[in-house]
Amino acid sequence: MTSFQALRLHDGKPEPARRIETLQPGDLSPGNVLIEVAYSSINHKDALAAHGRNGIIRQFPRIGGIDLTGCVAASDDARFTPGDEVIVHGFGIGVDHDGGHAQRARVPGDWVLPLPRGLTLLEAAILGAAGYTAGLALHWMEHNGLTPERGPVLVTGATGGVASIAIDMLAGRGYQVTAMTGNSDAHAALKALGASEVIGRIGSPASPKPLEKARWAGAVDSVGGQTLAWLTRTMQPEGIISAFGNIGGAELDLTVLPFILRGIRLIGIDANSPMPLRRQVWDKIARDYRPTRLERIGHCITLAQLPEYLGRMLQGQLQGRTVIRM
Ligand SMILES: NC(=O)c1ccc[n+]([C@@H]2O[C@H](COP(=O)([O-])OP(=O)(O)OC[C@H]3O[C@@H](n4cnc5c(N)ncnc54)[C@H](OP(=O)(O)O)[C@@H]3O)[C@@H](O)[C@H]2O)c1
């Protein structure tokens, strides 16, 4: 097959036009490895980009999709041969280089990660950039001393892609997990993923105290804004927060007191890691952190359904991980 199908985004007002088109490999952004995409997924960033939010995509036309799994179809890079199973995420795919929302992708070999032993292409796609983010958060939290014995770990934005996988990974490693969600219908599903307790989102106190009751040994935060500020006030002494999201706001209104009176640690997580760290964390995800409930977290759609589901993610109507079977 030389021609293939892709969801291409075209410049438009008030938002990009989203069209499923038939393309040739030469239409793709340049690269020396051509991949037959097996699966891609929808991350929050993909939904924002496809609807022209936050100026994520600056050059059109563009194929979105910040992650993909598949098989090498052709390669000018000696490290890869046709048939190799691979993962690609980040490095600007789906943003300033054509991404995974297509049956073919072409990328530089330096961006291509061989599929870790022990994962299938579907499992790696359910994980995708979201699962890598959850794994990276756990990696740095444990590197900083988090252990299950230290106490409960809170996961915010719990029904989201990153958070669902984080709950599964943490529970599998023996952590006591509290899930924070705004979705009152999701409590049973979050417990089935491994949460031992489910709580609602925080309200917004008019004048918060700089320190509140110390509750969490660890926190995995999708939300940012007031939620992250509240986390700093409610961590146990030496508690560790990993912060990667801003879905609830980018501003942070903090005092230094939790840092200097309780020794809390705030770790920033950027999933666009250099390749050696990716290899290390993906190997952990495939073995030590391996989620055990991925079939509950992932659900597959077709490329034809993708435009509708990108809109549904923006409306907050999706839970877990939506995977596109190419
Ligand atoms: N730093 C990085 O490298 C990196 C990597 C991946 C993702 N991210 C960011 O991490 C965040 C989560 O990504 P995702 O792909 O998991 O997104 P997602 O699947 O859309 O999940 C986000 C979850 O956050 C909660 N939420 C939504 N709006 C909220 C609001 N206004 N206030 C509080 N909670 C809200 C919802 O969960 P409930 O209904 O259960 O509360 C939602 O399911 C996003 O901000 C994304 O951009 C960053």
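With an unreviewed UniProt entry as reference, the protein is termed Alcohol dehydrogenase GroES domain protein, source organism Verminephrobacter eiseniae.

> I keep staring at the site of the ligand and nothing clicks. Help me out?
Of all residues adjacent to the ligand, which total 23 residues, the nearest are Thr159, Thr181, Gly182, Ile269 and Ala271. In the model, an oxygen atom of the ligand is placed 3.4 Å from a nitrogen or oxygen of the Ala158 main chain. Ala271 places a polar main-chain atom, nitrogen or oxygen, 2.8 Å from an oxygen atom of the ligand. Protein chains bury 79% of the 920 Å² of accessible surface belonging to the ligand in isolation. Taken together, the residues of the shell around the ligand sort by class into eight nonpolar, 13 polar and two charged.

> Hey, could you run me through unusual backbone geometry in this one?
With the exception of glycine, the majority of residues adopt a negative phi angle, and the majority of peptide bonds are in the trans configuration. The omega angle of the peptide bond from Lys13 to Pro14 is 5°, so this bond is cis rather than trans. Along the chain, Pro14 falls in the loop between strand E1 (4–10) and strand E2 (17–23). Across the junction of Phe60 and Pro61, the peptide omega takes the value -5°, indicating a cis bond. As for its position among the elements, Pro61 is in the loop between helix H1 (44–50) and strand E4 (62–63).

> Please explain the sheet that holds E4 as it appears in this structure.
Sheet strands pair via backbone hydrogen bonds, and the direction of the pair is either parallel or antiparallel. Strand order in the open sheet formed by three strands is E2-E1-E4, and the pairing between neighbours is antiparallel. Two strands close off the open sheet at either side, each with one partner strand: E2 and E4. Note that E1 and E2 share seven bridges and pair antiparallel. Paired with Ala6 across the strands is Glu21, a residue of E2.

> How should the pattern of salt bridges be read in this particular structure?
A side chain with one charge may pair with a side chain of the opposite charge, provided their charged atoms come close. Under the criterion given, the structure shown has 14 salt bridges. Here Asp110 and Arg79 are joined by a salt bridge, their closest N and O atoms 2.7 Å apart. Of this pair, Asp110 sits in the loop between strand E7 (104–107) and strand E8 (113–114) while Arg79 sits in the loop between strand E5 (67–75) and strand E6 (85–89), placing them 31 residues apart in sequence. Here Glu142 makes a salt bridge to Arg173, at a shortest N to O gap of 3.0 Å.

Here is what the cut-offs are and how they apply
- Residues numbered from 1 in each chain as written.
- Predicted model: local features only at pLDDT ≥ 70, side-chain atom pairs only at ≥ 80, totals over all residues.
- Heavy atoms only, no water.
- Near = heavy atom within 4 Å.
- Polar contact = N/O pair within 3.5 Å; in protein donor to acceptor, adjacent residues only side chain to side chain.
- Areas by Shrake-Rupley, 256 points an atom, 1.4 Å probe, with all protein chains shown as cover.
- Nonpolar A, V, L, I, M, F, W, Y, C, P; charged D, E, K, R; others polar.
- Helix = DSSP H or I, 4+ residues; strand = E, 2+ residues; numbered from the N terminus.
- Pairing = 2+ DSSP bridges.
- Salt bridge = Lys/Arg side-chain N within 4 Å of Asp/Glu carboxyl O.

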